[in-house]
Amino acid sequence: MDMLHAMRTFARVVECGSFAAAAAALDISAAQVSRIVAELENQLQTRLLHRTTRRLRMSEAGERFLERARQIMLLTEEAMDEARGAHLTPRGHLRIHCTHGLGLLMMPLVARYNATCPEVVIELTLSQRNPDPLAEGHDVVIAIGHGLPDSQLIAIPLGSIHSILCASPDYLERHGVPQRPEELHGHVCLRTVDPLFEEDWSFEGSPENCVIVPQDTFLTNVADAMLKATELGMGIGLLPYYSASLAMQEGRLRRLLAPHRLRQREIYAIYPSRHYLDAKVRTWLDFLKAQLPLLFVEHERVVEQARYWR
């Protein structure tokens, strides 16, 4: 039986004082009201109403049940009102997944969105993979070059990224500056181990499409660690341009072999397809579409300036 419907019917009988009056209020027959109450009592295995020819009187169990039922109905109405308003007002937990480097890049955007929508609790998870939002319960996944094998997913393009070769002034002073991709064979090339990218450095369009295999001098799976190793002069590092831009501006790194771009990938916001999209998800996606490409352009403008090249 529909327990919530039965609770409402029982409560209306008590409020109206008779089955006939409750039936009129509910726009159903008195026989239906009587049957619903009888089924409810049978389900609970207790008498809720004492019936006489003149009036109804609640049993002690009926009084306790009515009190609880009213609490349940109130909470149900509040939950329904909240759900109906979920597509209007941004609130609740917004679960975002992103790769480590992109997540740190986006933190200013996260802070600005949080200031705009203070009722939204942001849960930002960082890892070096593209998870399935359906399987892992994420509202939005910021993915690198992600396909869409599941038809229940929607992808919104947010721009593209690439990586550039960098080295510290100290390293270049000690080992010289490579002028062509082939000359990297004579340098210490640091290795990034990332499941989203191939480890080799492929220079498409260079003579014979040169491919460099980084050594095992230093390995890491996080761009920030590679940035630090490169700044410390451990070798030549392949870095996302947005990770390297500030270090280039401050003179801690120089870009090598410009304008070569490696590991070019598209960035997408991926989320489960929903007919009614929660306001927190919709506003975050709108904010991200407007602001993240501008952030990419800001960092790209720095690394494309020849004064930071060698």
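Every value quoted in this text rests on a predicted model; they were computed, and no experiment measured them.

Could you give an account of a nonpolar patch on the surface, naming the residues involved and the relevant values?
Nonpolar side chains collect at one region of the surface, where Leu-104, Met-107 and Leu-126 lie side by side and expose about 220 Å² of accessible area between them. Examined against the element boundaries, Leu-104 turns out to sit in helix H5 (residues 100–116).

Tell me what's going on with the state of the cysteines, and back it up with residues and numbers.
This structure, assessed with the given rule, holds zero disulfides. Left without a disulfide partner, Cys-210 is nearest to the cysteine sulfur of Cys-189, which lies 9.6 Å away.

Summarise the confidence of the model for the protein; cite the residues concerned and give the values.
For the protein, per-residue confidence averages 89 on the pLDDT scale, and residues scoring 70 or more make up 93% of the total. The secondary structure element of the protein with the lowest average pLDDT is helix H6 (residues 133–136), at 72, and the one with the highest is strand E12 (residues 254–256), at 98.

Hey, could you go over the packing of helix H2 (residues 19–26) against helix H3 (residues 30–44) for me, with residue numbers and the actual values?
Packing of H2 against H3 brings their axes to within 8 Å, and their N-to-C directions diverge by 105°. Taken together, the axes of H2 and H3 lie roughly perpendicular to each other. Packed against H2, whose contacting residues are Phe-19, Ala-20, Ala-22, Ala-23 and Leu-26, the element H3 presents Ala-30, Val-33, Ser-34 and Val-37 at the interface. Broken down by class, the residue content of the contact of H2 with H3 amounts to eight nonpolar, one polar and no charged.

Which residues make up the pairing of strand E6 (residues 153–167), and what values go with them?
Examined bridge by bridge, E6 and strand E13 (residues 262–272) share nine bridges and lie antiparallel to one another. The residue bridging Leu-153 from the neighbouring strand is Pro-272, located in E13. By the bridge criterion, four bridges tie E6 to strand E11 (residues 237–240) in an arrangement that is antiparallel. Residue Cys-166 lies in a different strand from E11, and its bridge partner there is Gly-237. Of the pairings in the sheet, the one linking E6 to E12 comprises three bridges and is antiparallel in character. Pairing of Leu-165 across the sheet is with Leu-256, part of E12.

What counts as what
- Within each chain, residue numbers correspond to sequence positions counted from 1 in written order.
- In keeping with the model being predicted, local features are shown solely for residues with a pLDDT of at least 70 and side-chain atom pairs are shown and tallied solely at 80 or more, while totals for entire chains, interfaces and linings include all residues.
- Remark: hydrogens and water are excluded; side-chain values derive from all non-hydrogen atoms of the structure.
- Nonpolar side chains (Val, Leu, Ile, Met, Phe, Trp, Tyr) within 5 Å and like charges within 9 Å form the patches, drawn only from residues with over 30% relative accessible area and no salt bridge.
- The protein chains shown are the only cover counted for residues, whose accessible areas, like all others here, come from Shrake-Rupley with a 1.4 Å probe.
- Take a side-chain nitrogen of Lys or Arg and a carboxyl oxygen of Asp or Glu: if they are within 4 Å of each other, that pair is a salt bridge.
- Helical segments are the DSSP runs of H or I of at least four residues, strand segments are the runs of E of at least two, and each set is numbered from the N terminus.
- Two cysteine sulfur atoms make up a disulfide if the distance between them is within 2.5 Å.
- A residue's pLDDT is the predictor's confidence in that residue, given on a scale from 0 to 100.
- Note on method: axes are straight lines fitted to C-alpha atoms, helices fitted across the in-contact stretch only, with angles between N-to-C directions ranging 0 to 180 degrees.
- Angles are sorted into four bins: roughly parallel if under 35 degrees, roughly antiparallel if over 145, roughly perpendicular if 65 to 115, and oblique for all others.
- We call two residues in contact when some of their heavy atoms are within 4.5 Å.
- Amino acids are sorted into nonpolar (Ala, Val, Leu, Ile, Met, Phe, Trp, Tyr, Cys and Pro), charged (Asp, Glu, Lys and Arg) and polar (every other residue, Gly among them).
- Pairing between two strands is assigned when DSSP locates at least 2 bridges connecting them.

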